[in-house]
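A look at the structure
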Amino acid sequence: EKTFHRFAAFGESSSSGTEMNNKNFSKLCKDCGIMDGKTVTSTDVDIVFSKVKAKNARTITFQQFKEAVKELGQKRFKGKSPDEVLENIYGLMEGKDPATTGATLLPRTGWKNIFGVKR
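Residues numbered from 1 in each chain as written. Predicted model: local features only at pLDDT ≥ 70, side-chain atom pairs only at ≥ 80, totals over all residues. Heavy atoms only, no water.

**Some remarks on the pattern of salt bridges**
- Summed over the entire model, instances satisfying the criterion amount to 4 salt bridges.
- With a closest N to O distance of 3.9 Å, aspartate 36 and arginine 76 form a salt bridge. Separated by 40 residues along the polypeptide, aspartate 36 in the loop between helix H2 (22–31) and helix H3 (42–52) and arginine 76 in helix H4 (residues 62–76) bring together distant segments of the chain.
- Residue class for aspartate 36 comes out partly exposed when judged on its relative accessible area of 30%. (Salt bridge = Lys/Arg side-chain N within 4 Å of Asp/Glu carboxyl O. Helix = DSSP H or I, 4+ residues; strand = E, 2+ residues; numbered from the N terminus. Buried < 20%, exposed > 50% of the residue type's maximum accessible area, 1.4 Å probe, protein only.)

**Notes on the confidence of the model for the protein chain**
- Here the protein chain averages 86 in pLDDT, and 84% of its residues register 70 or above.
- Per-element mean pLDDT across the protein chain ranges from 89 in helix H1 (residues 2–9) up to 97 in H3. (pLDDT = per-residue confidence, 0-100.)

**What to know about the side chain of glutamine 64**
- Tracing the backbone shows glutamine 64 in helix H4.
- Taking relative accessible area as the criterion, glutamine 64 reaches 15% and is therefore assigned buried.
- At 3.2 Å, the side chain of glutamine 64 and the backbone oxygen of valine 52 are in polar contact.
- Excluding residues that lie within four positions of it along the chain, glutamine 64 makes contacts with Val52, Lys53, Ala54 and Thr59. (Polar contact = N/O pair within 3.5 Å; in protein donor to acceptor, adjacent residues only side chain to side chain. Contact = heavy atoms within 4.5 Å.)

**A short note on the packing of aromatic side chains**
- Evaluated as defined, the whole model comprises 5 aromatic pairs.
- Centroid distance phenylalanine 4 to phenylalanine 62: 5.2 Å. Interplanar angle 65°. Geometry classified as edge-to-face. Linking phenylalanine 4 in helix H1 with phenylalanine 62 in helix H4, this pair joins segments that are 58 residues apart in sequence. There is no split in this pair, since phenylalanine 4 and phenylalanine 62 are both buried.
- Seen in terms of ring centroids, phenylalanine 25 and phenylalanine 65 are 6.0 Å apart; in terms of plane orientation they differ by 90°. Their pairing is edge-to-face. Taken together, the positions of phenylalanine 25 in helix H2 and phenylalanine 65 in helix H4 put the pair 40 residues apart, joining distant regions of the chain. Each of the two residues, phenylalanine 25 as well as phenylalanine 65, counts as buried.
- Following the ring pairs from residue to residue traces out a cluster consisting of Phe4, Phe25, Phe49, Phe62 and Phe65. (Phe/Tyr/Trp six-rings, centres within 6.5 Å; stacked < 30°, edge-to-face > 60°.)

**Quick notes on the packing of H1 against H2**
- Relative orientation of the contacting elements H1 and H2 amounts to 125°, with a least axis distance of 9 Å. As summarised for this structure, H1 and H2 are arranged oblique, according to the angle between their axes. Judged by the twist between their axes, the crossing of H1 over H2 is right-handed. Only Asn24, Lys27, Leu28 and Asp31 of H2 make contact with H1, whose side of the interface consists of Thr3, Phe4, Phe7 and Ala8. (Axes fitted to C-alpha atoms, helices over the stretch in contact; angles between N-to-C directions. Parallel < 35°, antiparallel > 145°, perpendicular 65-115°, else oblique. Left-handed = near helix turned anticlockwise from the far one by under 90°.)

**Observations regarding the nonpolar core**
- Grouped together as the largest cluster of nonpolar side chains are 25 residues, with contacts concentrated most on Met20, Phe25, Leu28, Phe65, Leu72 and Met93.
- Of all elements in the fold, only H1, H2, H3, H4 and helix H5 (82–93) reach the threshold of two or more residues within this core.
- With 5 residues, the single largest contributor to this core is H4.
- Here leucine 28 is in contact with Thr3, Phe4, Phe7, Met20, Ile34, Phe65 and Met93, once residues within four sequence places are set aside. (Core = buried A, V, L, I, M, F, W, Y, C linked by side-chain atoms within 4.5 Å.)

Dropping the structure here:
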């Protein structure tokens, strides 16, 4: 549940962390390894999100999130019992925070920024 709230509020300054949008749901699935690109793809994640959310809603609640994760887990861990699936999925999500990669700093000496100004 803590992981849900951390991802629900990620990048959304106005979010209370009680509901999650599709972008953050996809990020959670990717960062936690639920989406592996083979058995569970980004398309699967989008389809399941659309399936569990309310008709005109753009976000899902924690309850809907649990349904979605259960469904993705059955796809990701085919052939396992529902209890094993949930155990594996929760194991992947446990203690995870949204990853913030791609924010690299350049060395200060000798580099020019995109406007040609030396730092």
